[in-house]
Amino acid sequence: MVVSSLAGVPAFLGDLCVSAAVVVAYLFIYTRITPHDEFALIRANDAAAAIALGMSLIGFALPVASAIAHAANIVDCAIWSVIALVVQIIAYFVAQIPDPDLSKRIAAGELASAVWLGMVSVTAGLLSAASMVY
């Protein structure tokens, strides 16, 4: 019984490693695209930056989890995770349409802009995740 349960460990580790790698890649790319320095702002106790980045990360993790659940293999999972990354980058730019000073406002600690960006990111992530049932 234990041996049969452990048979899934290699697949688990593969999915975990791929998902961790795409999350690190996402954070690297996302924080380079935004004009403000999220990690410096978070270190300076800027709650707006933490909320925006944290919700963006959730918005990305949702479709990655869906990709893991529905992918045929690790390569398929990685491809769909990259697609989710692109969707999240697009969501960032879409969020700026009604709030063109979004980045400046987040850097200034304005929570409304952070929550707006976070909600757009989570919405994009939920829609991406739901769309990955191929």
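What you see is a predicted model, and the numbers here were worked out from it, not measured in a lab. (Residues numbered from 1 in each chain as written. Predicted model: local features only at pLDDT ≥ 70, side-chain atom pairs only at ≥ 80, totals over all residues. Heavy atoms only, no water.)

Draft legend 1. Just the nonpolar core, in detail. If you look at the biggest cluster of nonpolar residues, it comprises 27 residues, and the most contacted ones within it are Tyr26, Tyr30, Phe60, Leu102, Ile106 and Leu117. Looking at this core, the elements that each hand over two or more residues are helix H2 (9-33), helix H4 (47-70), helix H5 (74-95), helix H6 (102-107) and helix H7 (111-131). (Core = buried A, V, L, I, M, F, W, Y, C linked by side-chain atoms within 4.5 Å. Buried < 20%, exposed > 50% of the residue type's maximum accessible area, 1.4 Å probe, protein only. Helix = DSSP H or I, 4+ residues; strand = E, 2+ residues; numbered from the N terminus.)

Draft legend 2. The pattern of salt bridges, seen in detail. As enumerated under the stated definition, the model contains 2 salt bridges in all. One salt bridge connects glutamate 110 with arginine 105, and the closest N-O pair in it is separated by 2.6 Å. Residue class for glutamate 110 comes out partly exposed when judged on its relative accessible area of 32%. The exposure class assigned to arginine 105 is partly exposed, which follows from its relative accessible area of 28%. A network of salt bridges, in which partner residues are shared, links Asp99, Arg105 and Glu110. (Salt bridge = Lys/Arg side-chain N within 4 Å of Asp/Glu carboxyl O.)

Draft legend 3. Examining a nonpolar patch on the surface more closely. A surface patch of nonpolar side chains, amounting to about 550 Å² of accessible area, comprises Val2, Leu6, Val9, Phe12, Leu13 and Leu16. Every element with two or more residues in the nonpolar patch is listed here: helix H1 (2-6) and H2. Considering the arrangement of structural elements, one finds phenylalanine 12 in helix H2. (Patch = residues over 30% accessible without salt bridge, like charges linked within 9 Å, V, L, I, M, F, W, Y side chains within 5 Å. Areas by Shrake-Rupley, 256 points an atom, 1.4 Å probe, with all protein chains shown as cover.)

Draft legend 4. Region of the structure containing unusual backbone geometry. We note that asparagine 45 has phi near 70°; this positive angle belongs to a residue other than glycine. Within the element layout of this structure, asparagine 45 appears in the loop between helix H3 (38-43) and H4.

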